[in-house]
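Working through the structure, step by step
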Amino acid sequence: VQLQASGGGLVQAGGSLRLSCVVSGRDLRSVSKGWFRQAPGKDREFVAGIFRNTGRTDYADSAKGRFTISIDNAENTVYLQMNSLKPEDTAVYYCAVAGSLIHSERRNSRGYQYWGQGTLVTVSS
């Protein structure tokens, strides 16, 4: 299973970016999908996810109302639309998938088996 993330870049505060994650080697419908981020000097944190068993989405409080996770099954791609970006959103963003994920662990990075390489998002003030 391979994940290829893209779409990061430099954007001014208030702007938007859409991250993409192309997944190969596994049908997206058979896995839970998540986006995480890691800012310099900080731990990796959950941003958003779509879960295989329920089809529901979940967002970190910092992402609610601004970010939207979506999937294109035909393209086997996961997206993260990020609007109203803030300087504190600056981080490397990672996509990840999990074949089997306990719901209570859905925000825990250790529950995800496969990871993309990360794409850097920089938001200037």
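For the structure, check the block above.
Worth saying up front: this structure is predicted, and the values here are computed from it rather than measured.

This brings us to the sheet that holds strand β7 (residues 67-72). The four strands are arranged β1-β3-β8-β7 in an open sheet whose pairing can be described as antiparallel. Each end of this open sheet is capped by a strand with a single partner; those strands are β1 (2-6) and β7. Taken pair by pair, the neighbouring strands of this sheet meet at an average axis angle of 15 degrees, ignoring direction. Both strand β3 (residues 17-24) and strand β8 (residues 77-82) contribute to a ladder of six bridges, which runs antiparallel. Bridging from a neighbouring strand, serine 20 pairs with tyrosine 79 of β8.

This brings us to the pattern of salt bridges. The tally for this structure, following the rule as stated, stands at seven salt bridges. Taking the shortest distance from any N to any O, the salt bridge between aspartate 58 and arginine 107 comes out at 2.8 Å. Residue aspartate 58 is found in strand β6 (residues 57-59), and its partner arginine 107 is found in the loop between β9 (91-98) and β10 (114-115); the two are separated by 49 residues along the sequence. Relative accessible area serves as the criterion here: at 11%, aspartate 58 is assigned to the buried category. By relative accessible area, which is 37% here, arginine 107 ends up partly exposed. Aspartate 89 is the partner of arginine 66 in a salt bridge, and the nearest nitrogen-oxygen pair spans 2.7 Å. You can see arginine 66 sitting in the loop between β6 and β7 and its partner aspartate 89 sitting in the loop between β8 and β9, a full 23 residues away along the chain. Here arginine 66 matches aspartate 89 in class, with each residue buried. Through salt bridges with shared partners, a single network forms among Arg37, Glu45, Arg66 and Asp89.

Criteria and cut-off values
Residues numbered from 1 in each chain as written. Predicted model: local features only at pLDDT ≥ 70, side-chain atom pairs only at ≥ 80, totals over all residues. Heavy atoms only, no water. Pairing = 2+ DSSP bridges. Helix = DSSP H or I, 4+ residues; strand = E, 2+ residues; numbered from the N terminus. Axes fitted to C-alpha atoms, helices over the stretch in contact; angles between N-to-C directions. Salt bridge = Lys/Arg side-chain N within 4 Å of Asp/Glu carboxyl O. Buried < 20%, exposed > 50% of the residue type's maximum accessible area, 1.4 Å probe, protein only.

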